[in-house]
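What follows is each chain in one-letter form.
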Amino acid sequence: MSSIKIRTKRIDGKIQIRTLISHPMEHGRNRNKETNALIPAHFIKLLTVTHNDQVIVTADLSTSISKDPYFAFMLKSGHAGDKITISWIDDLGNRDSETHVVK
Amino acid sequence: MPCTRRTFLQHALTVMAYSYGLFARPSAHAAPDIAKPAFSLLEQTLKELFNGSKIIETDKIDIQVPMIAENGAVVPITVSSSLNNVRKVYILVEKNPQPLSARFALAPELETIVSARLKMAETSDVIVVAETHDGLYSAKAGVKVTIGGCGG
């Protein structure tokens, strides 16, 4: 299952894009409660949002974004059937991508 | 000189006074240095990001954050702005070990509204810097974190 959930909503011709990504976003200073060993940093570095294959958001993220990050953006104009793709890459090189069609 | 109780106490007191003076003086000088580092982490980050460019404070950036956050691990934030041609939005948390939380490069097709969720280590200011065609603008808002936000 994809780690990315995308919801869109048309509001007066604008499109609100909301996304929820499941990711631990560890900052590298937390400790494992049982072994007391440091949990290595593991966070999303780069998030991109495209609208019909055109990049609209490039976000560089750091460890001070919450676990399971949520983002929302607003497109000035859009129509039903538009494609929204969101993808991320983390510091370990993992990546995921999800495409959503505006209803 | 016989070592009576009185002379012993006198000597002891002088020795104590001297040693106190010796130890107290350098620490009294060092204290302000420890309390105030030359650069705060935030200033350093801003310097690295913007190369010392001038940042103008403005009321055209609206930051919606809770005044009191019950859980510092999840602090919702919505930034909106009436400035024209905002290309980039930077979100910084002053007292986090890593102040820069996120940098959003927005295409002209987008409204300047961005929502996210931040981690906050402690009660601190959230600073938003918007980069436009004609310069840098900033605004800040305070968030009070009531329990430790470092977890999660």
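Residues numbered from 1 in each chain as written. Chains lettered and ligands numbered in written order. Predicted model: local features only at pLDDT ≥ 70, side-chain atom pairs only at ≥ 80, totals over all residues. Heavy atoms only, no water.

Asker: Where do I start with the overall build of chain A in this structure?
Answerer: When you go through chain A residue by residue, the secondary structure sums to 0 helices and 7 strands. For chain A, the sequential pattern of α-helices and β-strands runs β-β-β-β-β-β-β. Buried positions account for 43% of the 103 residues belonging to chain A. (Helix = DSSP H or I, 4+ residues; strand = E, 2+ residues; numbered from the N terminus. Buried < 20%, exposed > 50% of the residue type's maximum accessible area, 1.4 Å probe, protein only.)

Asker: I'm lost on the pattern of salt bridges in this one. Help?
Answerer: Where side chains of opposite charge bring their charged atoms close, a pairing between them can arise. Inspection of the entire model under this criterion finds 3 salt bridges over all chains. Salt-bridge contacts for Glu-111 of chain B lead to Lys-14 of chain A; the nearest nitrogen and oxygen are separated by 3.4 Å. With Glu-111 of chain B in strand β7 (residues 110-118) and Lys-14 of chain A in strand β2 (residues 14-21), the pair connects residues from two separate chains. For Asp-60 of chain A, the salt bridge identified is with Arg-103 of chain B, shortest N-O distance 2.9 Å. In this pair, Asp-60 of chain A is assigned in strand β4 (residues 54-61) and Arg-103 of chain B in strand β6 (residues 100-106), connecting two distinct chains. A relative accessible area of 29% places Asp-60 of chain A in the partly exposed class. On the basis of relative accessibility, which here comes to 25%, the residue Arg-103 of chain B falls in the partly exposed class. (Salt bridge = Lys/Arg side-chain N within 4 Å of Asp/Glu carboxyl O.)

Asker: Mind showing me how you'd approach the packing of aromatic side chains here?
Answerer: Under the defined criterion, the tally for this structure stands at 4 aromatic pairs over all chains. A ring pair is formed by Phe-71 of chain A and Phe-73 of chain A, whose centres lie 6.5 Å apart and whose planes are at 15°; its orientation type is stacked. Each member of the pair Phe-71 of chain A and Phe-73 of chain A is classed as buried. Ring geometry for Phe-50 of chain B and Tyr-90 of chain B: centres 4.8 Å apart, planes at 80°, overall edge-to-face. Residue Phe-50 of chain B is found in helix α2 (residues 41-50), and its partner Tyr-90 of chain B is found in strand β5 (residues 86-93); the two are separated by 40 residues along the sequence. (Phe/Tyr/Trp six-rings, centres within 6.5 Å; stacked < 30°, edge-to-face > 60°.)

Asker: When you look at the interface of chain B and chain A in this model, what are you seeing that I'm missing?
Answerer: Bring the parts together and some accessible area is lost; that lost area is often taken as the interface size. Across the boundary between the two partners, chain B contributes 28 residues, which contact 29 residues of chain A. Taken over both partners, the interface formed by chain B and chain A buries close to 2,400 Å², and the fraction arising from carbon and sulfur atoms is 49%. If you look at where chain B meets chain A, you find 2 salt bridges. Summed over the shared surface of chain B and chain A, the result is 19 residue pairs in polar contact (both at pLDDT 80 or more). Mapped by element, the contributors of at least two residues to the side of chain B that touches chain A are β6 and β7 of chain B. Sort the elements by how many residues they give to the side of chain B that touches chain A and β7 of chain B lands first, with 8 residues. A breakdown of the residues in the side of chain B that touches chain A according to their chemical character gives 17 nonpolar, 6 polar and 5 charged. Here 3 bridges tie strand β5 (residues 70-75) of chain A to β7 of chain B, and the two strands are oriented antiparallel to one another. (Contact = heavy atoms within 4.5 Å. Buried area = accessible area lost by both parts, 1.4 Å probe. Polar contact = N/O pair within 3.5 Å; in protein donor to acceptor, adjacent residues only side chain to side chain. Nonpolar A, V, L, I, M, F, W, Y, C, P; charged D, E, K, R; others polar. Pairing = 2+ DSSP bridges.)

Asker: When you look at the sheet that holds strand β4 (residues 75-81) of chain B in this model, what are you seeing that I'm missing?
Answerer: Sheet strands line up and pair through hydrogen bonds in the backbone, either parallel or antiparallel. Ordered by their spatial adjacency, 6 strands build an open sheet running β1(A)-β2(A)-β5(A)-β7(B)-β4(B)-β2(B), and the pairing between neighbours is antiparallel. Two strands in the sheet have a free side with no partner beyond their single neighbour: β1 (4-11) of chain A together with β2 (61-64) of chain B. Taking the axes of each pair of neighbouring strands and ignoring which way they run, one obtains an average angle of 15° across the sheet. Note that β4 of chain B and β7 of chain B share 6 bridges and pair antiparallel. The partner of Val-79 of chain B across the bridge, within β7 of chain B, is Val-114 of chain B. (Axes fitted to C-alpha atoms, helices over the stretch in contact; angles between N-to-C directions.)

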